[in-house]
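# Coordinate analysis (summary)
For reference, the chains in residue letters:
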Amino acid sequence: LAGAAVTVVLVVAGSAIGPVRRLLELPDSPMAAVKNVLNRAPYGTIALRMIGDYPLTGVGEGGYNVIAPDYYRAAWGSGLPFDNAQNWWRQIAAEGGVLGSLAPFALSALLAWCAIRLPPSPERRRDATLVRGLIVALGIGSVIQIPTQSPVVMLWLCTLVGWLPSLVTAGPSSPVLWRPWPRAAWLVTG
């Protein structure tokens, strides 16, 4: 409990601006809050301009962080602090375009479908609920940040994704996952 209390104090009172502080600083108006979360100006605006400029191929893997200051300077005339697109899917679309983001988007949809729709194994219900909840929470968190840029978080996600099939009643070899649209999704993402 003491460790959790110290962590909460550090997250809320720390100088780094993380997702907790961003959520605490949201406007009171629901529409303004949604716009703030989804746009995260100027980073979201820059990512959308990159997507518009390079819809098919994107700016290249890792290109968002390198090119974003140039977009900012062209639009607003000054320097931009180094950061990401503030939304995992938006950054993937900006860097990969349609061609490069197809597989990550299909994998995200398939993973969300597996985490939300597949029933847990009766004997592993508690473990399945925990793993599914963590995967869904990470997906929701990816709307306002890019947590998987941290290697530790990416390893954690890969561990959860690898663990999930053993916790649900319909694993990858089950006929439920091999209906036409999931089969295509597994092939595209694999």
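Description of the structure in this document. Because the structure is predicted, anything quoted here is derived from the model rather than measured.

Glancing now at a nonpolar patch on the surface. A grouping of Leu56, Val98 and Leu99 is seen on the molecular surface, where their side chains present a nonpolar patch of about 310 Å² in accessible area. You can see leucine 99 is positioned in helix α6 (residues 88-117).

Another aspect to go through is the packing of aromatic side chains. Following the criterion strictly, the structure yields two aromatic pairs and no others. Between tyrosine 72 and tryptophan 76, the aromatic rings sit 5.0 Å apart at their centres with planes inclined by 35°, giving tilted as the arrangement. Residue tyrosine 72 and its partner tryptophan 76 are located together in helix α5 (residues 63-76), separated by four residues, close to a single helical turn. Given a relative accessible area of 41%, tryptophan 76 falls into the partly exposed group. With centroids separated by 5.4 Å and ring planes inclined at 90°, the aromatic side chains of tryptophan 88 and tryptophan 89 adopt a geometry described as edge-to-face. A residue is classified by how much of its surface remains accessible, and tryptophan 88, at 18% relative accessible area, is buried.

Attention now moves to the environment of leucine 164. Of note, leucine 164 is situated in the loop between α8 (151-163) and α9 (180-189). In this structure, the C-alpha to C-alpha distance between leucine 164 and threonine 129, residues 35 residues apart in sequence, is 9.8 Å. The residues touching leucine 164, leaving out its near neighbours within four places in the chain, are Leu111, Cys114, Ala115, Val131, Arg132 and Ile135.

Before going further, it helps to examine the pattern of salt bridges. Under the counting rule described, the total for this entry stands at two salt bridges. Between arginine 73 and aspartate 70 there is a salt bridge whose closest N-O contact spans 3.3 Å. Of the two residues, arginine 73 and aspartate 70 both sit in helix α5, three residues apart, roughly one turn of that helix. A relative accessible area of 43% places arginine 73 in the partly exposed class. Assessed through its relative accessible area of 45%, aspartate 70 is described here as partly exposed. Among the salt bridges present, the one from arginine 124 reaches aspartate 127, with a minimum N-O distance of 3.4 Å. Residue classification places aspartate 127 among the partly exposed residues on the basis of a relative accessible area of 30%.

Turning next to α5. End to end, α5 covers 20 Å across 14 residues, agreeing with the expected 20 Å (1.5 Å per residue, within 8%). Of all the positions in α5, only Gly63, Tyr64, Asn65, Ala68, Pro69, Tyr71 and Tyr72 are classed as buried. Elements that come into contact with the buried residues of α5 comprise α4 (43-53) and α6.

Parameters at a glance
- Residues numbered from 1 in each chain as written.
- Predicted model: local features only at pLDDT ≥ 70, side-chain atom pairs only at ≥ 80, totals over all residues.
- Heavy atoms only, no water.
- Patch = residues over 30% accessible without salt bridge, like charges linked within 9 Å, V, L, I, M, F, W, Y side chains within 5 Å.
- Areas by Shrake-Rupley, 256 points an atom, 1.4 Å probe, with all protein chains shown as cover.
- Salt bridge = Lys/Arg side-chain N within 4 Å of Asp/Glu carboxyl O.
- Helix = DSSP H or I, 4+ residues; strand = E, 2+ residues; numbered from the N terminus.
- Phe/Tyr/Trp six-rings, centres within 6.5 Å; stacked < 30°, edge-to-face > 60°.
- Buried < 20%, exposed > 50% of the residue type's maximum accessible area, 1.4 Å probe, protein only.
- Contact = heavy atoms within 4.5 Å.
- Expected span 1.5 Å × (residues − 1).

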